[in-house]
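Here are the chains, one letter per residue:
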Amino acid sequence: MDAVVLERPQQIRIRPVPGLGKVGPGEVRIGVHTVGICGSDVHYYTHGRIGPYVVEAPMVLGHEASGTVLEVGEGVTHLAVGDRVCVEPGIPNPRSRASRLGMYNVDPDVRFWATPPVHGCLQPEVVHPADFTYRLPDQLPLEEGALIEPFAVAVHAVTKAGISPGDVVAVAGAGTIGVLTAIAAAASGASRVYISDVAPEKFAKIEAYPTIHPVDATRQELADVVREATDGWGADVVFEASGNPRAFDSLWETPAPGGTVVLVGIPVDPVPLDVAAAQARELRIETVFRYANAYSRAIELAASPSVDLGGLISATYPLEEAVAAFERGAEARPGDTKIQIRVAGA
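Residues numbered from 1 in each chain as written. Predicted model: local features only at pLDDT ≥ 70, side-chain atom pairs only at ≥ 80, totals over all residues. Heavy atoms only, no water.

- In the annotation of an unreviewed UniProt entry, the entry for the protein chain reads NAD(P)-dependent alcohol dehydrogenase, and the organism field reads Saccharopolyspora aridisoli.
- In UniProt, the protein chain has this text filed under Sequence similarities (unreviewed entry): "Belongs to the zinc-containing alcohol dehydrogenase family."
- In its Cofactor (unreviewed entry) section, the UniProt entry covering the protein chain states "Zn(2+)". (UniProt positions renumbered as here; feature names shortened; annotations may be inferred.)

**Brief notes about the sheet that holds strand β1 (residues 2–8)**
At step 1: Spatially, 3 strands are ordered β2-β1-β6 in an open sheet, and the strand pairing comes out antiparallel. In this open sheet, the two edge strands, each paired with only one partner strand, are β2 (11–16) and β6 (59–60).
At step 2: Strand direction decides the pairing type here: β1 and β6, joined by 2 bridges, are antiparallel. Of the residues in β6, the one forming a bridge with Val-5 is Val-60. (Pairing = 2+ DSSP bridges. Helix = DSSP H or I, 4+ residues; strand = E, 2+ residues; numbered from the N terminus.)

**Considerations on the pairing of strand β18 (residues 284–287)**
At step 1: Note that strand β17 (residues 255–263) and β18 share 4 bridges and pair parallel. In the strand pairing of β18, Thr-260 is matched with Arg-284.
At step 2: With respect to chirality, the unit in which β17 leads through helix α7 (residues 275–280) into the neighbouring parallel β18 is right-handed. (Right-handed = clockwise from strand over helix to strand, strands pointing away.)

**A closer look at the nonpolar core**
At step 1: The biggest cluster of nonpolar side chains holds 54 residues, and the ones touching the most others in it are Phe-151 and Phe-239.
At step 2: At the level of elements, α4 (148–161), β13 (168–172), α5 (176–187), β14 (192–197), β16 (235–240) and α8 (295–302) are the ones that each hand at least two residues to this core.
At step 3: In terms of residues, this core owes the most to one element, α4, which gives 9 residues.
At step 4: Mapped onto the domain boundaries, this core takes at least three residues apiece from domain 1 (2–135 + 309–342) and domain 2 (154–287).
At step 5: Contacts of Phe-151, omitting those with residues within four sequence positions, involve Leu-180, Ala-184, Ala-298, Leu-301, Ala-302, Val-307 and Leu-309. (Core = buried A, V, L, I, M, F, W, Y, C linked by side-chain atoms within 4.5 Å. Buried < 20%, exposed > 50% of the residue type's maximum accessible area, 1.4 Å probe, protein only. Domains from an automatic or database assignment. Contact = heavy atoms within 4.5 Å.)

**Some points on the pattern of salt bridges**
At step 1: Evaluated as defined, the whole model comprises 14 salt bridges.
At step 2: Between Arg-342 and Glu-143 there is a salt bridge, with its nearest N and O atoms 3.0 Å apart. Here Arg-342, found in strand β20 (residues 338–342), pairs with Glu-143, found in helix α3 (residues 142–145); they are 199 residues apart in sequence, far enough to count as distant.
At step 3: Here Arg-342 falls in the buried class, since its relative accessible area comes to 19%.
At step 4: A salt bridge links Asp-336 to Arg-328, with the shortest nitrogen-to-oxygen separation between them at 2.8 Å.
At step 5: Overall, the relative accessible area of 18% leaves Asp-336 in the buried class.
At step 6: Connected through salt bridges with shared partners, the residues Glu-7, Arg-13 and Arg-15 form a single ionic network. (Salt bridge = Lys/Arg side-chain N within 4 Å of Asp/Glu carboxyl O.)

Structure follows, in structure tokens:
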């Protein structure tokens, strides 16, 4: 099979890779249709590492996948050949303490696609546990199915935030995860969502959502806008989705007393935490690492009339143009939200 292989930093080739093994009990073989390019994929391409994860050997990229079931293994009853599916890319150790506690995303033994040394899904077929493979409803096309993976991050963050109907929400950062978090918050009962970024071009993707209000961070501080809109009280929930250290300068001024701050973006280096400022307002601080038990909710929400994931797709490249797709991803065009690669199909 031809796959998209990161040979070394700045070098991607489309070349044959070894075929897959047999489908075992509890597994399915999936014909991959669409794969989204994540910021982590681009980071491996440009830098060859993310924190402790270093690309030391050629690696197949990609972890945001949708496709069609081609074969089911023994004991699989909830999926059938021909089912359209999306795939949760992390495989935990089911016997680990983290998994038994329901926090399998922080299992130290989790094997996550396209995280060294685990190969990803930018190839025509993959074999995957059926328990982490989800049937798509008829109204969700495969292109949107490939967006369920990043949407699951947003749904997990909103779930941990505990948003209540009528809450005012603020989101720092309008990258893919920030926009998806704003959409998930609005669909989960927030009355108003204020989202800020230094690139106002990114706000075009949220124009269809009347309760999401953009804040141009080059002209206004998110904290100032939120305080003015809430008579000085602040936001009930604040999501930090940029990972930019500068966002933390005014982060603690944005939430209301007793509010919640959810840290979604991952800074490259350590950032300061103003404990006194957080204590003075008795803020609750939550952190997010990927997701756990979020895929089914993400699919249900994506299939509802309140969400349109398709509107976030900026460009789709065929597999043979995968190098160009990654080069565009590395450009970080302000107007781009999600770039996808079509592995199979017209």
